[in-house]
Amino acid sequence: MLNWLRRPKYGAVERRDIPPGVWAKCPKCGATVYHRDLVRNLKVCPTCGFHHRLTAEERLAVTVDEGTFEEHDAGVVSGDPLRFEGYADKLREAREKTGAADAVITGLGAVEGSRVALAALDFAFMGGSMGSVVGEKIARIAERAVEHRLPLVVFSASGGARMQEGALSLMQLAKTSAAIARLHEARLPYLSVMCDPTTGGVTASFAFQGDVILAEPGAMIGFAGRRVIEQTIRRKLPDHFQTAEFCLEHGLIDMVVPRPAMRATLGRLLRFFGAPRLPAREAVAAPAGEAPADGGA
Amino acid sequence: MLNWLRRPKYGAVERRDIPPGVWAKCPKCGATVYHRDLVRNLKVCPTCGFHHRLTAEERLAVTVDEGTFEEHDAGVVSGDPLRFEGYADKLREAREKTGAADAVITGLGAVEGSRVALAALDFAFMGGSMGSVVGEKIARIAERAVEHRLPLVVFSASGGARMQEGALSLMQLAKTSAAIARLHEARLPYLSVMCDPTTGGVTASFAFQGDVILAEPGAMIGFAGRRVIEQTIRRKLPDHFQTAEFCLEHGLIDMVVPRPAMRATLGRLLRFFGAPRLPAREAVAAPAGEAPADGGA
Amino acid sequence: MSAILPERDRAAEARAQELEARLAELSREIAGLRRRGEKEQLDVGRLIGDLEARADELRRELLDLRPAWQAVALARHPQRPKAQEIVAALIEEFTELHGDRLFRDDPALLAGVGWFDGRPVVAIAPRKGRDTRENLAFNFGMPYPEGYRKALRAMKLAEKFGYPVLSVVDTPAAYPGDAAEERGQAEAIARNILEMTRLRTPIAVVITGEGGSGGALAVAVGDAVLMLEHAIYTVIPPEGCAAILWRDAGRSREAAAALRLTASDLVALGVVDEIIPEPPGGAHLDPAAAIAAVGEVLRRHLRAAAGVPVETLLQRRYAKYRAMGYHEERA
Amino acid sequence: MSAILPERDRAAEARAQELEARLAELSREIAGLRRRGEKEQLDVGRLIGDLEARADELRRELLDLRPAWQAVALARHPQRPKAQEIVAALIEEFTELHGDRLFRDDPALLAGVGWFDGRPVVAIAPRKGRDTRENLAFNFGMPYPEGYRKALRAMKLAEKFGYPVLSVVDTPAAYPGDAAEERGQAEAIARNILEMTRLRTPIAVVITGEGGSGGALAVAVGDAVLMLEHAIYTVIPPEGCAAILWRDAGRSREAAAALRLTASDLVALGVVDEIIPEPPGGAHLDPAAAIAAVGEVLRRHLRAAAGVPVETLLQRRYAKYRAMGYHEERA
Ligand SMILES: [Zn+2]
Ligand SMILES: [Zn+2]
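Residues numbered from 1 in each chain as written. Chains lettered and ligands numbered in written order. Predicted model: local features only at pLDDT ≥ 70, side-chain atom pairs only at ≥ 80, totals over all residues. Heavy atoms only, no water.

Turning to the overall build of chain C, a few remarks are in order. Of the regular secondary structure elements, chain C holds 14 helices and 9 strands. In terms of principal-axis extent, the alpha carbons of chain C reach across some 70 × 55 × 40 Å. Put simply, of all contacts in chain C between residues at least 6 apart along the chain, 72% involve residues at least 24 apart. Of the roughly 13,300 Å² that chain C leaves accessible, carbon and sulfur atoms contribute 52%. In chain C, which carries 45 positive and 49 negative side-chain charges, the distance between the mean positions of the two groups comes to 3 Å. (Helix = DSSP H or I, 4+ residues; strand = E, 2+ residues; numbered from the N terminus. Contact = heavy atoms within 4.5 Å. Areas by Shrake-Rupley, 256 points an atom, 1.4 Å probe, with all protein chains shown as cover. Lys, Arg positive; Asp, Glu negative; His and termini not counted. Charge placed at Lys NZ, Arg CZ, Asp CG, Glu CD.)

It is worth spelling out the overall build of chain A at this point. Along its length, chain A carries 8 helices and 11 strands. Across the 297 residues that make up chain A, the buried fraction comes to 64%. Pairs at least 24 residues apart make up 70% of the contacts formed inside chain A by residues separated by at least 6 positions. For chain A, the accessible surface area stands at approximately 10,700 Å², while carbon and sulfur atoms represent 50% of it. (Buried < 20%, exposed > 50% of the residue type's maximum accessible area, 1.4 Å probe, protein only.)

As a further point, take the domain arrangement of chain A. Residue and element names in this part refer to chain A. Taken domain by domain, chain A holds domain 1 (13-50) and domain 2 (54-282). On a C-alpha basis, the centres of domain 1 and domain 2 stand 24 Å from each other. Counting residues at the interface gives 5 residues for domain 1 and 5 residues for domain 2. Between domain 1 and domain 2, a total of about 580 Å² is buried, with carbon and sulfur atoms accounting for 64% of that surface. (Domains from an automatic or database assignment. Buried area = accessible area lost by both parts, 1.4 Å probe.)

This next bit is on the coordination of the zinc ion (ligand 2). All names here are of chain B. At this site the zinc ion (ligand 2) is bound by Cys26 (SG), Cys29 (SG), Cys45 (SG) and Cys48 (SG), with donor distances of 2.3 to 2.4 Å. Of the residues examined, Cys26 reaches a relative accessible area of 4% and is grouped as buried. Classification of Cys45 by relative accessible area gives buried; the value is 4%. (Donors = N, O, S within 2.8 Å, 3.2 Å for Na, K, Ca; no water.)

Before going further, it helps to spend a moment on the confidence of the model for chain A. Residues and elements named next belong to chain A. On average, chain A scores 90 in pLDDT, and the residues at 70 or more come to 87%. Confidence over residues 1-16 falls short of pLDDT 50; this stretch has 35 contacts with residues more than four positions distant or in other chains. Low pLDDT (under 50) marks residues 286-297, which in the prediction has 22 contacts with non-local residues, meaning those over four places away or in another chain. (pLDDT = per-residue confidence, 0-100.)

Moving on: the interface of chain C and chain B. Taken together, the contact between chain C and chain B spans 55 residues of the former and 60 residues of the latter. Carbon and sulfur atoms make up 66% of the surface buried where chain C meets chain B, a total of about 4,900 Å² over both sides. Looking only at chain C, the three residues that lose the most surface to chain B are Glu181, Tyr318 and Arg322 of chain C, adding up to 14% of its buried area. For the pair chain C and chain B, the number of links is 5 salt bridges. For Arg322 of chain C, the salt bridge identified is with Glu143 of chain B, shortest N-O distance 2.8 Å. Summed over the shared surface of chain C and chain B, the number is 17 residue pairs in polar contact (both at pLDDT 80 or more). For the side of chain C that touches chain B, the element with the most residues is helix H8 (residues 185-198) of chain C, which contributes 9 residues. Across the side of chain C that touches chain B, the residue classes tally to 30 nonpolar, 11 polar and 14 charged. Relative to strand S9 (residues 327-329) of chain C, strand S4 (residues 76-78) of chain B runs antiparallel, the two sharing 3 bridges. Directly across from Val77 of chain B, in S9 of chain C, lies its bridge partner Glu328 of chain C. (Salt bridge = Lys/Arg side-chain N within 4 Å of Asp/Glu carboxyl O. Polar contact = N/O pair within 3.5 Å; in protein donor to acceptor, adjacent residues only side chain to side chain. Nonpolar A, V, L, I, M, F, W, Y, C, P; charged D, E, K, R; others polar. Pairing = 2+ DSSP bridges.)

Before going further, it helps to examine the environment of Tyr148 of chain C. Here Tyr148 of chain C lies in helix H6 (residues 145-161). Those residues within four positions of Tyr148 of chain C in sequence are excluded, and the remaining contacts are Leu109, Pro143, Ala173, Ala174, Gln185, Ala188, Ile189, Asn192, Gly215, Ala218 and Val219 of chain C.

Quick look at the interface of chain A and chain D now. Reports often express the size of an interface as the amount of accessible area lost when the parts come together. Each partner contributes to the interface: chain A provides 60 residues, whereas chain D provides 55 residues. Scanning the region where chain A abuts chain D turns up 5 salt bridges. Broken down by secondary-structure element, the contributors of at least two residues to the side of chain A that touches chain D are strand S4 (76-78), helix H3 (87-98), helix H4 (132-148), helix H5 (166-185) and helix H6 (226-233) of chain A. It is H5 of chain A that provides the largest number of residues to the side of chain A that touches chain D, a total of 18 residues. Among the residues making up the side of chain A that touches chain D, the classes are represented as 30 nonpolar, 17 polar and 13 charged.

Attention now moves to the domain arrangement of chain C. Taken domain by domain, chain C holds domain 1 (2-65) and domain 2 (83-322). The straight-line distance from the C-alpha centre of domain 1 of chain C to that of domain 2 of chain C is 34 Å.

Our next topic: the coordination of the zinc ion (ligand 1). Residue and element names in this part refer to chain A. Coordination of the zinc ion (ligand 1) by the protein is provided by Cys26 (SG), Cys29 (SG), Cys45 (SG) and Cys48 (SG), with metal-donor distances spanning 2.3 Å. Written as a sequence motif, the donor residues of the zinc ion (ligand 1) are C-x2-C-x15-C-x2-C. Here Cys48 lies in the loop between helix H1 (35-40) and helix H2 (56-63) and Cys29 lies in the loop between strand S1 (23-25) and strand S2 (32-34), a separation of 19 residues in the sequence. Using a relative accessible area of 29% as the deciding quantity, one classes Cys48 as partly exposed.

Residue and element names in this part refer to chain A. Between its first and last C-alpha, H4 extends 24 Å over 17 residues, near the 24 Å set by a 1.5 Å rise per residue. For H4, a buried count of 13 out of 17 residues is recorded, marking the element as mostly surrounded by other parts of the structure. Taken from the residues just after H4, Arg149 is the one with a positive phi, measuring 50°. (Expected span 1.5 Å × (residues − 1).)

This part takes up the packing of aromatic side chains. Taken as a whole, this structure holds 17 aromatic pairs over all chains when the rule is applied. With a centroid separation of 6.4 Å and 85° between ring planes, the pair formed by Phe272 of chain B and Trp115 of chain D is classed as edge-to-face. Of this pair, Phe272 of chain B sits in helix H8 (residues 259-272) while Trp115 of chain D sits in strand S2 (residues 109-116), on two different chains. Residue Trp115 of chain D is classed as partly exposed on the basis of its relative accessible area of 23%. Among the aromatic residues, those joined into a cluster by ring pairs are Phe272 and Phe273 of chain A together with Trp115, Phe161 and Tyr163 of chain C. Directly above the aromatic system of Phe138 of chain D lies the positively charged group of Arg127 of chain D, at a separation of 4.5 Å from the ring centroid. Of note, Arg251 of chain D hangs over the ring of Trp246 of chain D, and the distance from its end group to the ring centre comes to 4.4 Å. (Phe/Tyr/Trp six-rings, centres within 6.5 Å; stacked < 30°, edge-to-face > 60°. Lys NZ or Arg CZ within 6 Å of the ring centre and 35° of its normal.)

The next thing to look at is the pattern of salt bridges. Working definition: two side chains of opposite charge can pair if their charged atoms are close together. Overall, the coordinates contain 106 salt bridges over all chains when judged by the stated rule. Asp37 of chain A is paired through a salt bridge with Arg40 of chain A; the nearest N and O atoms lie 3.6 Å apart. Taken together, the positions of Asp37 of chain A and Arg40 of chain A, both in helix H1 and 3 residues apart, correspond to about one turn of that helix. Using a relative accessible area of 30% as the deciding quantity, one classes Asp37 of chain A as partly exposed. Residue Glu40 of chain D is joined to Arg36 of chain D by a salt bridge in which the shortest nitrogen-to-oxygen separation is 3.8 Å. Remark: Arg36 of chain D and Glu40 of chain D occur in helix H1 (residues 10-40); sequence separation between them is 4 residues, near one turn of the helix. Residue classification places Glu40 of chain D among the partly exposed positions, given a relative accessible area of 42%.

All names here are of chain B. A large share of strand S6 (residues 114-121) lies buried, amounting to 7 of its 8 residues. Sheet topology places strand S5 (residues 104-111) next to S6; 8 bridges connect them, and they run antiparallel. From the neighbouring strand, Leu108 faces S6, where its bridge partner is Ala117. Between the antiparallel neighbours S5 and S6 lie 2 residues, among them Glu112 with a positive phi of about 50°.

The next subject is the environment of Leu82 of chain A. Among the secondary structure elements, Leu82 of chain A is positioned in the loop between S4 and H3. Along the backbone, Leu82 of chain A and Thr106 of chain A are 24 residues apart, and their C-alpha atoms lie at a distance of 26 Å.

Residues and elements named next belong to chain C. With respect to burial, strand S2 (residues 109-116) is a largely interior element, 7 of its 8 residues being buried. Bridge analysis of strand S1 (residues 92-97) against S2 gives 4 bridges, and the strand direction is antiparallel. Bridged to Thr95 within S2 is Val113. Inspection of the sheet shows S2 paired to strand S3 (residues 119-126) by 8 bridges, in the antiparallel sense. Each residue of the ladder has a partner; that of Gly112, found in S3, is Ala123. Joining the antiparallel neighbours S2 and S3 is a turn of 2 residues, in which Asp117 adopts a positive phi near 55°.

Let's shift gears to the side chain of His72 of chain A. All names here are of chain A. Turning to its location among the elements, His72 is positioned in strand S3 (residues 70-72). The class for His72 is buried, based on a relative accessible area of 15%. Only 3.5 Å separates the side chain of His72 from the side chain of Glu70, close enough to count as a polar contact. Leaving out residues up to four positions away in the same chain, His72 has contacts with Thr106, Gly107, Leu108, Lys137 and Arg144.

Here is the structure:
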């Protein structure tokens, strides 16, 4: 189990290297806010509601019941199968910068007392790109969900396939889809949560294969990149294009759920879909300061 | 077996009451043509290709291998369950005018040597409307197809549900759909052919449930009536709207097949889908004067 | 299966027309009295009260004589409890699902999940608005193909988990627009009807307002089809029927009677399984009681279905729809 | 599963650049000679012949040195046999099916039924045009979501009847347009990939030209994935890769090599099962022979699959894709 998961509160979002009193500026509305207050607000701008990105660690910290997360396959790490120029260096840099082994954390845990298999992608690690490691770990956690008859919850945040692994990264779309197909055939629930941004190969595989698909407000969601589309159609796209709200209108996702309501919404859906419950003595009360569990948009 | 089905040729399309030498005028291009020549051309205008409507009898005559058709359920006739004002009279008139018992003929036969279950709706009989009799006979022939493991071919031509039977006619959508569902679950092929016009309740049930959906050129196909739509949207609709070609563009049907190629196209599809074959000695050569079997659009 | 219904009473229709004429007269009298009272500062309250009581009497008689048209009026009553209100009241922890995953989220069709009678259920419902703004947003309760496709997606979810489907139906029609046709309105309805005949989980349907033809049936094939007392269910709106039959939409009342669209007609025809009584005067006068009655009957039917093996359920469902209709057989 | 590939040869790349410079020079010389010959009425035919022979030699050497970029050029060659030509040549009594039954018929994706090797098959294929008019009609081989949904419909038909699916793949990409995004390009691809991993019938895929990322994979999951010798299959076009990595689309050749997109690379990586040799110089020089070779290999694979129980087939398919990729494990 990772260190930060032992922390008692949503304060787990806080980064060790930021001293109290530091200000953060919202990239959307420009408001400045104490970093500490931003963190307390689950990194949602108190002024405009802008959702700052979370790392995989932070995501799990604000989602999983305290003390219940058990990481799996932490030792699965990337090689450089194509000997792709610069890839080894990029991997090293990303590991140093983020402290993570690759772009996904997977494991078993509980959300609001429901036992689940979990995965969280990390955009901070090489843009959350899906190479063999992300594919392998998603496939394994889906298989583990089948084995233990648990629901699967995946938080996606990814720029797409990791081109430095060439066609092997493309094949992760098929590998993860095959594992998700087995989950569906086992009649287990799969909740997919799209966070900012979820694009490319991840959308064209597991992110769009959920029984229920949720998204955070304002998250960019789409297959092709905005620039490529603009070059193709020779027009500027509206700001609204490829946002979570746009996808909701176009019938592609089930709901847009603000971060403070996400945990309660997942909990409600997991209970609905019959997730096994933690024994009562293990169930943990929602941490102090949590937003009321009043559901999504 | 009906009388006209013993006739040797496509000449079966000919109506007894029209003497040779009579002219027919094409409602589309205005060209005049000997009625006899029009009949020889399967009632397709030799000048502009306009497809005149066929009765159910005519349809079967130009489709089914000579001498192979065996009608079923000819004795299933309409009552007047709602005591709906004027319905009994309308039924009587329609029977007198058309010589048919109701708006569909069903039975077993062969098309290009493939054994099939068949149904042909008759627009001449109260606008091909689906009341309890049409629903019952479609359900029975679908069940018979399952029983004998035969493909089903249905030629639709209908203005929709027969309102004089109220909700009972609406329920025929469910009854026929249930029977078609069993056909699909038995993994038997179902070819739906939409003729002019196929609208309303028939489109919202069996006509759109085919494994392959074919249509005749220019056939009007749609759920809501043109006038109702124009009143709703307060605009005139283009001529093209709700034609077979329009439906093809919009991905709703598989192909538009001119009448002279329909038999060959059905034959090709039936062989493809593994229809049982007539024993060779029973197989009948295509009647003289048939168009070359070169397939559909 | 269904026997032929008895002939309608022509004398009753004549009496009904007489009553209508007298009601119109009474209404004019009351208005006149009110004007005079205001002008001349007279106390006409008691007189008006008497006339209104008389009008109420006549209306009750009319309701008995012409239940079909009254049902049409009540089924379309703007204050009638809306499908979304029924869903919200009956289903706990309701979570709405959106979209057909293909083209668009159709607000005219509500779909979602939640708990009913202590069990997880999937709910679908065409939805009318409560005011003009909502009516525009919900397209007056007329779904597009994407609405029906969203409903099917929700039903497939129910099937995957073996949860019952609860369908609340109040829709005048599938939307008759050009874009709806282009996107396969007929195909969407045909597919839903077919899939509902074989969906491997219990389906309970309750028609609470207008059951408008194929647009209603696309979400109304079920093991139990229930109907509120004053709801209607018809193959064509009476106005359309009158226009086609007599080229006179003014004869809608006759058409309504001819179409046999009331709950009791439909039970007699074998189309509907059970009538849910409404509060006196109609569901709009006491929505909470009406909704509670719906809940009670649904509960009973879903409990009964819960114990039935799915194969038995499907065979019964098939047999039920297979038997619908009336025909005769000649040798 | 796949081992790490050997490092590419940097000396070879230097030599290739030298060869390209000399080829450009030769081409200028030949053009100059031709102009002079015309102007001064000289017989330069023989001289030009010699220079062209020299250029051919250099090109062959270049092909050996830089197979990736040559493959890109050959895979995109305008005269390369088109998917629809391959389908027409290999499949008897081919009948095209149209439409996704939802929104539109996408001409960029061909679907149909017919006979192959004496057995009924269902064929799907993104389709490029043979000329400008066709290219516009077929959207340069880039399907919309409705194209993928049509393909899925055809595959479900194959599954219903237990007929094998034959997929011929030559597409630069799924269409990256706003309308395609709006209608769920990602959803359509994701759904196809998932359904193909569990489709209960044999699937044989042959990549004949460009295998362009997710847009190709959406019709390229199969029990046998074959590839023409000079076809390519890549997660991103080399131009896009170069633009992202080095902000210089001019370095596409390097990117092509780095991406390991040739048939032999993909066999080495375990992504492709078998290479189908092309006629000398490429499939466009002898399309009939190339198509015959495709037919022969497909026939062998489909015959082998025909005897396998579907459960075994699905387990093998799962195991195959489950093993794709390369990672290391730390304690
Ligand atoms: Zn802000
Ligand atoms: Zn003409």
